[in-house]
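Understanding the architecture of this molecule
Spelled out, the chains give:
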Amino acid sequence: MAGGTGGRDLLVASEIHGFLTCADLNFEKLMSEAASRWFRPNEIYAVLANYAKFQVIPQPIDKPASGTVVLYDRKVVRNFRKDGHNWKKKKDGKTVQEAHEKLKIGNEEKVHVYYARGEDDPNFFRRCYWLLDK
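Throughout what follows, the structure given in this document is the object of discussion. Sequence order as written defines residue numbering, which begins from 1 separately in each chain. Local features are withheld for residues below a pLDDT of 70 in this predicted model, meaning they are given only at 70 or higher, and side-chain atom pairs are given and counted only at 80 or more; totals for whole chains, interfaces and linings count all residues. Side-chain calculation: all heavy atoms of the structure are included, whereas hydrogens and water are not.

Examining the overall build of the protein
In DSSP terms, a helix is any run of H or I states spanning at least four residues, a strand is any run of E spanning at least two, and both are numbered starting from the N terminus. Scanning the protein from terminus to terminus reveals four helices and five strands. Traced from its N-terminal end to its C-terminal end, the protein shows the element sequence α-α-α-α-β-β-β-β-β. Against the compact-globule benchmark of 14 Å for 134 residues, the protein has a radius of gyration of 16 Å, which places it among compact chains. For the protein, the spread of C-alpha atoms along the principal axes amounts to about 55 × 30 × 30 Å. The 134 residues of the protein split such that 36% are buried. Expressed as a percentage of contacts within the protein between residues at least 6 apart in sequence, the contacts between residues at least 24 apart total 40%. Only the protein chains shown count as cover for residues, with accessible areas throughout obtained via the Shrake-Rupley method and a probe of 1.4 Å. Per element, the accessible surface of the protein, about 8800 Å² overall, is 48% carbon and sulfur. Note that His is not counted, nor are the chain ends; the positive residues are Lys and Arg, and the negative ones are Asp and Glu. A charge is said to be at NZ when it belongs to Lys, at CZ for Arg, at CG for Asp and at CD for Glu. Taking the average location of the 23 positive side-chain charges in the protein and that of its 18 negative ones, the two points are 5 Å from each other. Atoms considered for the radius of gyration are the C-alpha atoms alone. The globule rule reads 2.2 Å times the number of residues to the power 0.38. Buried means the residue's accessible area, taken with a 1.4 Å probe over protein chains only, is under 20% of the maximum for its type, while exposed means over 50%, and partly exposed covers the values in between. We call two residues in contact when some of their heavy atoms are within 4.5 Å.

Notes on the packing of aromatic side chains
Any Phe, Tyr or Trp ring, taking Trp's six-membered ring, that has another such ring centre within 6.5 Å forms a pair; planes under 30 degrees apart are called stacked, those over 60 apart edge-to-face, and the others tilted. This model, assessed by the stated rule, comprises six aromatic pairs. When the ring of Trp 38 is compared with that of Tyr 115, the centres are 4.9 Å apart and the planes differ by 25°; the resulting orientation is stacked. Separated by 77 residues along the polypeptide, Trp 38 in the loop between α3 (27–33) and α4 (41–49) and Tyr 115 in strand β4 (residues 108–117) bring together distant segments of the chain. Assessed through its relative accessible area of 13%, Tyr 115 is described here as buried. The structure contains a cluster of three or more aromatic residues connected by ring pairs, namely Trp 38, Tyr 115 and Phe 125.

Regarding the pairing of strand β3 (residues 98–105)
Strands qualify as paired when DSSP identifies two bridges or more between them. Direction of pairing for β3 relative to β4: antiparallel, over a ladder of eight bridges. Its bridge partner being in β4, Leu 103 is matched across the sheet by Val 111.

Some details on the sheet that holds β3
Here three strands make up an open sheet; going across it, the order is β3-β4-β5 and the pairing antiparallel. Among the strands making up the open sheet, the edge pair consists of β3 and β5 (125–131). Each neighbouring strand pair of the sheet contributes to a mean axis angle of 25°, computed without reference to strand direction. One ladder, built from seven bridges, connects β4 with β5; its direction is antiparallel. Across the sheet, residue Arg 117 finds its bridge partner in β5, namely Phe 125. Axis geometry follows a simple rule: fit a line to the C-alpha atoms, using only the stretch in contact for helices, then measure angles between N-to-C directions, giving values from 0 to 180 degrees.

Remarks on the pattern of salt bridges
Counted as salt bridges are all cases of a side-chain nitrogen of Lys or Arg within 4 Å of a carboxyl oxygen of Asp or Glu. By the definition in use, this model includes eight salt bridges. With a shortest N-O distance of 3.0 Å, Glu 43 and Arg 37 are connected by a salt bridge. On the basis of relative accessible area, Glu 43 is assigned to the buried category, the value being 7%. The partner of Arg 126 in a salt bridge is Glu 98, with the nearest N and O atoms 3.0 Å apart. With a gap of 28 residues between them, Arg 126 in strand β5 and Glu 98 in strand β3 connect regions that are remote in the sequence. Taking relative accessible area as the criterion, Arg 126 reaches 10% and is therefore assigned buried. Judged by its relative accessible area of 19%, Glu 98 is buried. Each of Lys 29, Glu 33, Arg 37, Arg 40 and Glu 43 takes part in a single network of salt bridges with overlapping partners.

Just distances and angles here, no functional claims.
Written out as structure tokens, the structure is:
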């Protein structure tokens, strides 16, 4: 993470997600908890709104382990969902079956998410998030 002036690394959009500084967000703790819980919408929003403070990966990772959190620029890395894992397919047998949802922070939809379930392990999920463009 980038260091801020005076020991305070202020986050963008703190009035929406509720984390004033990087220390408040505690990104390292979030990453360690990723294997055991899903992120809350405000946590996702805080990370995505402040993506420049974190490492953005330039190409897809092959078969990331469970609990791995990867930040991509989806406009640059178009094939970010091709990660080598076997995801459950639709009835056509070709297209990955994904659930599409919008997550709210307060009363407003702020984050879009795609969920895919593993073909071999129904408890293995991929979650792709991005901020809604408004």
